[in-house]
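Structural overview
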Amino acid sequence: MAELNGSPISLDHLQALALTNYGHFTSIRVEDGHVRGLSLHLARLARDCRAVFDTDLDLDLVRDFARRAVPSSGDCVVRVTIFDPALDLGHVGSDAHPHVLVTTRPAGPLPLPAMHVQSVVYTRDMPAVKSVGLFGSLRHRRDSQRAGFDDALFTDADSVISEGGTWNVGFVKGDQVVWPDAECLVGTTMELLRQAHPSSTATVRLGDLTDFDAAFATNIGIGVRAISAVDGVTFPDTHPVIGQLRKEYAEVPVDLL
């Protein structure tokens, strides 16, 4: 299902998004019409719209458009993409009038099996913004998967870890969670877990990985997913803290979309 401003999207509007590819989005896991962290998703859309388009976004309208797309029961992932079909490559500096594209897809079962990731040197453009420009992230994911890994983990030139291709990364030391303090896109799942479980932030380099007891990835699509290895450094597929994080995330109060 795909609707633009509450109506079926036209081919011309899709073409504008595909060819210009300028905008931002958030993905929301909806379970029987309810959402964890709804206020965080809406705040992200408002913040990113100001950063990307220099204008405000009607969040009540966004919420109404998203609600229209959600089935009455069952789980799905709703993606809300904000873009202006009137902007093109030659005139992207024009005043913007953002449109709201809502698409849905089935939500997969959780939890997912542990994954083995490959470190790569890469920093996304405007890391704090969830932009539609995913080429760099997907290129590194593709390269890593073709090399036999499940995904890519990003570092800077000094081996400081920031984030995964479309997910945040956390590390376990004892009963504490350590989140990398490098600039990244702070996901709603990460933010909810920081509120639910004792944690800290620190600079984490590849050379520090042997100091940790476990590692995991988070986003709304994967929940809390164990990382079994980063390059050649291995971690357990299961760990009590990862199990606790999953429990705490499941217990986060939900809001009606």
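Below, the structure is looked at part by part. (Residues numbered from 1 in each chain as written. Predicted model: local features only at pLDDT ≥ 70, side-chain atom pairs only at ≥ 80, totals over all residues. Heavy atoms only, no water.)

The end-to-end C-alpha distance of helix H2 (residues 38-53) is 22 Å, a good match for the 22 Å that 16 residues give at a rise of 1.5 Å each. Listing the buried residues of H2 in full gives Leu38, His41, Leu42, Arg44, Leu45, Asp48, Cys49, Val52 and Phe53. Within H2, the buried residues cover an arc of 155° as seen down the axis, which keeps them to one side. In this structure, the buried side of H2 is in contact with strand E3 (24-31), strand E4 (34-36), helix H3 (59-69), strand E5 (75-83), helix H5 (188-196) and strand E16 (254-256). Remark: aspartate 54 follows H2 within two positions and exhibits a positive phi of approximately 55°. (Helix = DSSP H or I, 4+ residues; strand = E, 2+ residues; numbered from the N terminus. Expected span 1.5 Å × (residues − 1). Buried < 20%, exposed > 50% of the residue type's maximum accessible area, 1.4 Å probe, protein only. Arc of directions from axis to C-beta. Contact = heavy atoms within 4.5 Å.)

Attention now moves to the sheet that holds strand E6 (residues 99-106). Strand order in the open sheet formed by seven strands is E2-E1-E6-E5-E3-E4-E16, with antiparallel pairing between adjacent strands. Only two strands of the sheet have a single partner each, and these edge strands are strand E2 (7-8) and E16. The pairing of strand E1 (residues 2-4) with E2 spans two bridges and is antiparallel. Bridge pairing in E2 places glutamate 3 opposite proline 8. Strands in contact with H2 are E3, E4, E5 and E16; relative to E3, the strand with the most contacts, it is inclined by about 170°. Where H3 meets the sheet, its contacts fall on E1, E5, E6 and E16, and the angle it forms with E6 comes to roughly 30°. (Pairing = 2+ DSSP bridges. Axes fitted to C-alpha atoms, helices over the stretch in contact; angles between N-to-C directions.)

The next subject is the side chain of arginine 44. Tracing the backbone shows arginine 44 in helix H2. Aspartate 48 provides the closest opposite charge to the buried, salt-bridge-free arginine 44, at an N-O distance of 4.9 Å. Residue contacts for arginine 44: discarding those within four places in its chain leaves Phe25, Thr26, Lys130, Leu185, Val186, Gly187 and Thr188. (Lys, Arg positive; Asp, Glu negative; His and termini not counted. Salt bridge = Lys/Arg side-chain N within 4 Å of Asp/Glu carboxyl O.)

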